Structures are given as C-alpha cells and as structure tokens.
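This is what each chain is made of:
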Amino acid sequence: PPLCPPPEAAPDADASRAAGMACASAGDHGGAVKHLTLALGGGCAGKHRAHVARGDAHMALQHYDEAVADYTSSLADGSGDAALRLKRAVALRFTGAYQEASEEVERVIAAQPGSQAALLERRRLKQRIAHANGEEVNPYVKRGGVVEIAREIQGRAERTIAEGKQ
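Rules used in this analysis
Residues numbered from 1 in each chain as written. Predicted model: local features only at pLDDT ≥ 70, side-chain atom pairs only at ≥ 80, totals over all residues. Heavy atoms only, no water. Helix = DSSP H or I, 4+ residues; strand = E, 2+ residues; numbered from the N terminus. Polar contact = N/O pair within 3.5 Å; in protein donor to acceptor, adjacent residues only side chain to side chain. Core = buried A, V, L, I, M, F, W, Y, C linked by side-chain atoms within 4.5 Å. Buried < 20%, exposed > 50% of the residue type's maximum accessible area, 1.4 Å probe, protein only. Contact = heavy atoms within 4.5 Å. Salt bridge = Lys/Arg side-chain N within 4 Å of Asp/Glu carboxyl O. Phe/Tyr/Trp six-rings, centres within 6.5 Å; stacked < 30°, edge-to-face > 60°. Axes fitted to C-alpha atoms, helices over the stretch in contact; angles between N-to-C directions. Parallel < 35°, antiparallel > 145°, perpendicular 65-115°, else oblique. Left-handed = near helix turned anticlockwise from the far one by under 90°. Nonpolar A, V, L, I, M, F, W, Y, C, P; charged D, E, K, R; others polar.

For the rest of this paragraph, the subject is the side chain of Arg88. Summarising the element assignment, Arg88 is placed in helix H5 (residues 82–95). A distance of 2.8 Å separates the side chain of Arg88 from the side chain of Thr72, its partner in a polar contact.

Structure, rendered in structure tokens:
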C-alpha cells in the first residue's frame with residue numbers, strides 16, 4: 001500500500017513537489033514518482049532537486065532508463081555536480097551503456113580524483129566492458145588459479161629470506 005496520499009490530493013505543483021519529496025523520504029518510491037511527475041509537469045520551483053529526487057526514486061524502482069533521463073535533465077540545468085554525474089553513470093551502467101557510463105565516471109574522477117565511489121564504479125565498468133567483450137575478468141583464471149599464485153608468493157618469500165641471510 002502506498003505511504004503517501006494520491007497525487008490528486010496535492011493542489012499545486014510546489015505542493016506536489018513537497019509531497020513527492022516526503023514520499024521519497026518515507027520510502028514510497030512509486031508515490032514519489034507520481035507526485036514529482038505532476039510537480040515537474042506543473043512547473044514547480046526547484047526543478048533540479050525534483051529531477052534528482054525522481055531519478056533516485058526511479059533507481060529504487062529499477063527503472064534505469066527513466067533515472068538516466070531525469071539525471072540528464074538535471075545536468076542540463078547547468079549543474080556540473082560530480083555526485084549527480086556519478087548517479088547518472090551508475091544508472092547508465094544498469095542500462096548497459098557501459099562506454100557512456102565510463103566517460104561520465106572519468107569526468108567525475110577528473111573533478112574529484114580521490115572519490116572512492118567513482119574509482120569503484122570505474123572498476124565495475126571496466127569489468128563489465130571486459131565481460132561484454134568476451135574477456136576473462138577473474139584475475140585468478142589468467143594466472144593459473146589461486147594455488148599457482150600462492151606458490152609464486154611462497155617462492156618470492158623464500159627468495160627474500162635467502163637473500164637476507166647472505
């Protein structure tokens with residue numbers, strides 16, 4: 001059951017936006033989408049925040065194409081916000097647009113080089129792109145498995161110890 005009142009209960013665009021934000025905060029993502037769609041159609045104030053909130057609600061509902069559209073609209077308003085770009089990149093990854101998502105992540109990393117979330121997303125995208133191209137993404141398979149890697153580490157340790165005794 002929806003947590004928020006139906007959109008008809010909100011008399012104007014700004015009230016619809018407020019109701020949509022309240023629905024989103026309460027976890028009623030379907031209600032948030034309805035209210036925010038009504039608000040954006042009615043020309044509410046704060047369209048940037050409304051698009052971001054509706055995009056977040058779409059992500060929660062796994063409506064990734066709609067989330068990309070909302071985040072793109074919000075970026076078109078002139079915001080170069082790195083967090084918003086990262087949200088858009090994640091939504092793009094879920095749609096399968098790995099290359100476009102990768103370009104967006106690189107913009108985020110250029111703006112915020114230490115962003116752990118962006119670096120993690122870059123790694124996820126590299127794995128998805130490699131997998132989509134038929135490449136092996138498991139590093140253990142490329143090197144012969146965990147046992148071989150353990151033997152390499154053991155050999156290096158033994159050589160280091162031997163060199164230390166000389």
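To continue, consider the nonpolar core. By size, the foremost hydrophobic cluster in this structure holds 20 residues, and its most contacted members are Met59, Tyr71, Ala91 and Val105. At the level of secondary structure, the elements contributing two or more residues to this core comprise helix H3 (47–60), helix H4 (64–76), H5, helix H6 (98–111) and helix H7 (116–132). At 7 residues, the largest contribution of residues to this core is made by H5. Filtering out sequence-adjacent residues up to four positions away, Ala91 remains in contact with Met59, Tyr64, Ala67, Val68 and Tyr71. Ala13, Val33, Ala39 and Leu40 belong to the second-largest nonpolar core, a separate cluster that totals 12 residues.

Turning next to the pattern of salt bridges. Applying the stated criterion to the full structure yields 9 salt bridges. The partner of Arg54 in a salt bridge is Asp70, and the shortest N-O contact between them spans 2.6 Å. Residue Arg54 is located in helix H3, and its partner Asp70 is located in helix H4; the two are separated by 16 residues in the primary sequence. There is no split in this pair, since Arg54 and Asp70 are both buried. Here Arg122 and Glu106 are joined by a salt bridge, their closest N and O atoms 2.9 Å apart. Taken as a pair, Arg122 in helix H7 and Glu106 in helix H6 lie far apart in primary sequence, 16 residues in all.

Under the defined criterion, the tally for this structure stands at 1 aromatic pair. Relative to Phe94, the ring of Tyr64 has its centre 4.5 Å away and its plane inclined at 10 degrees; by these criteria the two rings are stacked. Of this pair, Tyr64 sits in helix H4 while Phe94 is found in helix H5, placing the two residues 30 residues apart along the sequence. Classification of Phe94 by relative accessible area gives partly exposed; the value is 41%.

It is worth spelling out the packing of H5 against H6 at this point. Contact geometry for H5 and H6: axes closest at 8 Å, N-to-C directions at 160 degrees. Considering the angle they form, H5 stands roughly antiparallel to H6. H5 and H6 meet at a crossing whose hand is left-handed. Each of Ala82, Arg85, Leu86, Arg88, Ala89, Leu92 and Arg93 in H5 lies in contact with H6, whose residues at this interface are Tyr98, Glu100, Ala101, Glu104, Val105, Arg107 and Val108. Residue composition of the contact of H5 with H6, grouped by class: 8 nonpolar, no polar and 6 charged.

Glancing now at unusual backbone geometry. Positive phi, normally seen in glycine, also occurs at Gln62, with a value near 65 degrees. The residue Gln62 is located in the loop between H3 and H4 in this model.

Okay, the environment of Thr37 next. Examined against the element boundaries, Thr37 turns out to sit in helix H2 (residues 29–41). Classification of Thr37 by relative accessible area gives partly exposed; the value is 37%. Taking the C-alpha atoms as reference points, Thr37 and Ser16, 21 residues apart in sequence, are found 8.6 Å from one another. Only 2.6 Å separates the side chain of Thr37 from the backbone oxygen of Val33, close enough to count as a polar contact.

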